[in-house]
Amino acid sequence: MFLVGLSGGIASGKSTVVAVLRELGCAVIDADVIARQVVQPHSKAHQQILQHFGTEILLENGEINREALGNIVFSQPEKRRLLNSITHPEILKEMLKQVLKYFVLGYHYVILDIPLLFETRGLTRFMKYTVLVYCDPPTQLARLMKRNGLGVAEAEARISAQLPLEEKRKWATHVIDNCGDRESTRRQVLRLHAHLEDSLHFLWARLAVGTAVAGLGGLVFLLIRPYYCLL
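Throughout what follows, the structure given in this document is the object of discussion. From a predicted model like this one, the values you see are computed outputs, not experimental measurements.

This paragraph deals with the nonpolar core. Formed by 32 residues in total, the largest nonpolar core has its most connected members in Ile-29, Ile-49, Leu-69, Met-95 and Leu-112. Residue assignment for this core shows that the elements contributing at least two residues are β2 (27-30), α2 (31-37), α3 (44-53), α4 (66-75), α5 (77-105), β3 (109-113), α6 (117-120) and β4 (129-134). Per-element tally for this core: the top contributor is α5, with six residues. Leu-6, Val-20, Tyr-109 and Val-131 belong to the second-largest nonpolar core, a separate cluster that totals 18 residues.

Right, here's the structure in full:
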């Protein structure tokens, strides 16, 4: 099994691509979903965030107000780095657990949906392929303003907080151009899926599984057990 990193930019249309991949039966690990899970009340990350950002970012039910926290970190780079240092280790632990699950289930490949894949760069070395969902800057700005009800200045500030899509494009092994309609994007995803399914890398994974399944079982148990203890 090999890993495929999927990323994009805010309002570039990555969720559209993920929806098609899920329809095709692909294994997709969503870092955004995991990010919400690891900051639930009483979690380690939740407590650390409160220590540094205060209780003003809480909703009435005790959960973190993502919009309020987002407004802070988008305007203050040092706060954004602090938040990432708290949440990223917990996110990576959960992603590892899910990768191992799909490996045991025999999937050809696993797609890691990571919004900041190219910003962090550290994770790209673990990916056999990296996929960028791209759209041109005017389209990205217009989509974000419409989706979030933002003015031009605020939308531009949020986009500028991320690495420009043109820069990410240089690092991606595959690019899905999402400037057009949904059908055009779908056709590109289907071609990508066919390419990944035909990859010979899975053959080597099957051979490795045949010779190391017993050792893998022990490794999975050792890696996952501590995480269950934290729940």
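The subject of this paragraph is the sheet that holds strand β1 (residues 2-7). Spatial strand order, β2-β3-β1-β4-β5: five strands in an open sheet with parallel pairing. Sheet topology places β2 and β5 (174-177) at the edges, where each strand pairs with a single neighbour. The average angle at which neighbouring strand axes cross in this sheet is 25°, direction not considered. Pairing of β2 with β3, which is carried by four bridges, proceeds in the parallel orientation. When the bridges of β3 are listed, Ile-29 appears paired with Leu-112. Relative to β5, helix α10 (residues 182-197) is tilted by about 160°, and along the sheet it contacts β1, β3, β4 and β5.

An ideal rise of 1.5 Å per residue puts 16 Å on twelve residues; helix α7 (residues 137-148) measures up with 16 Å between its terminal C-alpha atoms. What α7 keeps buried is the set Thr-139, Gln-140, Leu-141 and Leu-144. Elements that come into contact with the buried residues of α7 comprise α8 (152-160) and α9 (165-171). After α7 finishes, the residue Gly-149 shows a positive phi value of roughly 65°.

On to helix α1 (residues 14-23), then. Burial in α1 covers these residues: Lys-14, Val-17, Val-18, Val-20 and Leu-21. Summarising the axial view, the buried residues of α1 lie within an arc of 160°, below the 170-degree limit, and thus occupy one face. α1 presents Ser-15 and Glu-23 as exposed residues on the side facing more than 90 degrees away from its buried surface. As for α1, its buried residues are in contact with β1, β2, β3, β4, β5 and α10. Phi turns positive one or two residues past the end of α1, at Gly-25, with a value near 85°.

The buried count for β4 comes to six of six residues, which makes it a mostly enclosed element. A two-sided burial pattern is seen for β4, the buried positions comprising Tyr-129, Val-131 and Val-133 on one face and Thr-130, Leu-132 and Tyr-134 on the other. Relative to β4, β1 runs parallel, the two being bridged by four bridges. Residue pairing in the sheet places Val-4 in a bridge with Tyr-129 of β4.

Turning our eyes to something else, we now look at the environment of Ala-161. You can see Ala-161 is positioned in the loop between α8 and α9. For Ala-161, a relative accessible area of 23% translates into the label partly exposed. Through-space distance from the C-alpha of Ala-161 to that of Ile-10 is 9.8 Å; in sequence the pair is 151 residues apart. Once residues within four sequence positions are removed from consideration, Ala-161 is found in contact with Phe-74 and Arg-80.

Turning our eyes to something else, we now look at the packing of α4 against α5. When two helices pack together, their arrangement is captured by the angle between the axes and the distance separating the axes. Axis separation between α4 and α5 bottoms out at 5 Å; the angle between their running directions is 120°. Relative to α5, α4 is oriented oblique. Of the residues in α5, those touching α4 at Leu-69, Ile-72, Val-73, Phe-74 and Ser-75 are Pro-77, Lys-79, Arg-80 and Leu-83. A class-by-class count of the residues in the contact of α4 with α5 yields six nonpolar, one polar and two charged.

Another point: unusual backbone geometry. Not every positive phi belongs to a glycine, and Ala-11 is a case in point at roughly 65°. Its location among the elements puts Ala-11 in the loop between β1 and α1. With a relative accessible area of 11%, Ala-11 lands in the buried category.

Definitions and limits used
Residues numbered from 1 in each chain as written. Predicted model: local features only at pLDDT ≥ 70, side-chain atom pairs only at ≥ 80, totals over all residues. Heavy atoms only, no water. Core = buried A, V, L, I, M, F, W, Y, C linked by side-chain atoms within 4.5 Å. Buried < 20%, exposed > 50% of the residue type's maximum accessible area, 1.4 Å probe, protein only. Helix = DSSP H or I, 4+ residues; strand = E, 2+ residues; numbered from the N terminus. Pairing = 2+ DSSP bridges. Axes fitted to C-alpha atoms, helices over the stretch in contact; angles between N-to-C directions. Contact = heavy atoms within 4.5 Å. Expected span 1.5 Å × (residues − 1). Arc of directions from axis to C-beta. Parallel < 35°, antiparallel > 145°, perpendicular 65-115°, else oblique. Nonpolar A, V, L, I, M, F, W, Y, C, P; charged D, E, K, R; others polar.

Without other data, these values stay purely geometric and don't point to any function.
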